[in-house]
Amino acid sequence: MSGSTSRDVATAAFLGLGAMGAPMAAHLAAARPTLVWNRTSSVAEAHAASHGSRDVPLDAIAEAEVIVSCLSRTVDVVDVARQVAGDLRPGTVWVDCTSGEPEPSRVLATRLGEHGVAYLDAPVSGGTAGAEAGTLTVMAGGDADVLERVRPVLAAFAGRIVHVGPVGAGHAVKAVNNTLLAANLWAAGEGLVALVRAGVPATTALEVINASSGRSFPTEVLIPERVVTREFPVTFTLGLLAKDVGIARGVLDAAGSPAPVLRQVAELLTVALRELGPDVDHVAALQLVERWAGSEIR
Ligand code: NDP
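Scoring rules and cut-offs
Residues numbered from 1 in each chain as written. Predicted model: local features only at pLDDT ≥ 70, side-chain atom pairs only at ≥ 80, totals over all residues. Heavy atoms only, no water. Near = heavy atom within 4 Å. Polar contact = N/O pair within 3.5 Å; in protein donor to acceptor, adjacent residues only side chain to side chain. Areas by Shrake-Rupley, 256 points an atom, 1.4 Å probe, with all protein chains shown as cover. Helix = DSSP H or I, 4+ residues; strand = E, 2+ residues; numbered from the N terminus. Nonpolar A, V, L, I, M, F, W, Y, C, P; charged D, E, K, R; others polar. Domains from an automatic or database assignment. Pairing = 2+ DSSP bridges. Contact = heavy atoms within 4.5 Å. Buried area = accessible area lost by both parts, 1.4 Å probe. Salt bridge = Lys/Arg side-chain N within 4 Å of Asp/Glu carboxyl O. Buried < 20%, exposed > 50% of the residue type's maximum accessible area, 1.4 Å probe, protein only. Right-handed = clockwise from strand over helix to strand, strands pointing away. Axes fitted to C-alpha atoms, helices over the stretch in contact; angles between N-to-C directions. Left-handed = near helix turned anticlockwise from the far one by under 90°. Arc of directions from axis to C-beta.

A. Here's a closer look at the site of the ligand. Near the ligand lie 24 residues; those nearest to it are A19, N38, T40, T235 and K243. The contact in question runs from an oxygen atom of the ligand to an N or O atom on the backbone of S99, over 3.1 Å. Relative to its unbound accessible area of 900 Å², the ligand is 83% covered by the protein chains. Among the secondary structure elements, those contributing two or more residues to the shell around the ligand are α3 (74–84), α5 (127–133) and α10 (238–255). The class makeup of the residues in the shell around the ligand is ten nonpolar, ten polar and four charged. Structurally, the shell around the ligand is a two-domain feature, drawing no fewer than three residues from each of domain 1 (12–166) and domain 2 (172–293).

Quick look at the structure:
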């Protein structure tokens, strides 16, 4: 693949056709021959029928030169990789788009390296809307030259691809980013519910905040679209956000950073997870803020 154009990459494989993976793999299949595998095989069969990908048993992904995974957790990726590592050909690149854990991914990179397979941690941001539009931001950790070789493949679903450091750095950036999302979401919820109780409608408060310095992605998009409407559509579960914030806690520990605000957010998400369960949308965490305050944000 060295010195190749995107068209020279014969085959890609995509593992994990969930809320993010299905649209990402659809973009990949539109650009090149793409094998798909999903733990629940009916999902892969449906993807092949709808998007022209080819559903295969797990061992058949060894045909691909570039393997992209987007599973729930690093432990899932490690488990799948353990099953196929011995079948993979030297020179294969494994791009893990899961929002995962730095240290076990470094171990996985070493194990794959023993088979001549290069590993990049390459989590994504942009949500399901970005996955469907093919405009995700990819934050990649690993060998910069390897990233350049697979950049044309990832461009099928990415609007921006940033090399952020060695293996594990992509996961670290993603975990901190999502902890900032959780902090902004929770803080905005606390502020808005207090304003509602002070007699200011949430939409009025948001009109001002979104033209002022307190604005954030939650105030501009998530709260108007999901909380004020009372819709709370499930696109990114609370369980997955709590997982990311837990990973960030490990990043803070490894850095020896006190980070009291971010650690407090991790505690709050643990409570929200206990009260609301893992399957609600992450934005539903504000239902707990509302319950504690005794008013809805509307
Ligand atoms: P989903 O729950 O929709 O999909 C999870 C996928 O992982 C499914 O294909 C599932 O297979 C597979 N899977 C789970 N456990 C295993 C396992 N043990 N072995 C094999 N396959 C497994 O999650 P999302 O698509 O929302 O998220 C995927 C990743 O992307 C997560 O790391 C998440 O944090 C991250 N992410 C999510 C965003 C979002 O907005 N949803 C945004 C950015 C990143 P099966 O169909 O069999 O259950």
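B. View of the pairing of strand β6 (residues 118–121). For strand β5 (residues 93–96) and β6, the ladder comprises four bridges, and the chain directions are parallel. Directly across from V93, in β6, lies its bridge partner A118.

C. Here's a closer look at the domain arrangement of the protein chain. Looking at the assigned domains, one finds that the protein chain contains domain 1 (12–166) and domain 2 (172–293). Contact with domain 1, which involves 13 residues of that partner, is made by ten residues of domain 2. In this assembly, domain 1 packs against domain 2 so that about 880 Å² is buried in total across both faces, 66% of it on carbon and sulfur atoms. Across the domain 1-domain 2 interface, the total number found is zero salt bridges. Across the contact surface, domain 1 and domain 2 share three residue pairs in polar contact (both at pLDDT 80 or more). Across the side of domain 1 that touches domain 2, the residue classes break down as six nonpolar, five polar and two charged.

D. Summary view of the pairing of strand β8 (residues 136–141). Of all six residues making up β8, five are buried, and the element is well covered by its neighbours. Bridge count between strand β7 (residues 124–125) and β8: two bridges; the pairing is antiparallel. Considered in β8, the bridge of S125 is made with T137. Note: β8 against strand β9 (residues 158–165), six bridges, orientation parallel. Across the sheet, V138 pairs through a bridge with I161, a residue of β9. Handedness of the crossover joining β8 and β9 through helix α6 (residues 144–154): right-handed.

E. Highlighting the packing of helix α7 (residues 169–197) against helix α12 (residues 285–293). Where α7 meets α12, the axes come as close as 10 Å, and the angle between the chain directions of the two elements is 35°. Crossing hand, α7 versus α12: right-handed. Counted together, L185, W186, G189, E190, V193 and R197 of α7 and A285, L286, L288, V289, E290, W292 and A293 of α12 form the full contact between these two elements. Looking at the contact of α7 with α12 residue by residue, the class counts come to nine nonpolar, one polar and three charged.

F. Seen up close, unusual backbone geometry. The phi torsion at R230 lies on the positive side, around 60°, for a residue other than glycine. For R230, the location among the structural elements is in the loop between α9 (217–227) and α10. With phi around 45°, A259 is a residue other than glycine that occupies positive phi space. Residue A259 is classed as buried on the basis of its relative accessible area of 16%.

G. Structural detail: helix α2 (residues 41–51). Along α2, the residues classified as buried are A44, H47 and A48. Buried residues of α2, seen end-on, are gathered within an arc of 100° and therefore sit on one face of the element. In α2, the exposed residues that point more than 90 degrees away from the buried face are A49 and S50. Taken together, the buried residues of α2 touch α1 (21–31), β2 (34–37) and β3 (54–55). Residue G52 follows α2 closely and has a positive phi angle near 75°.

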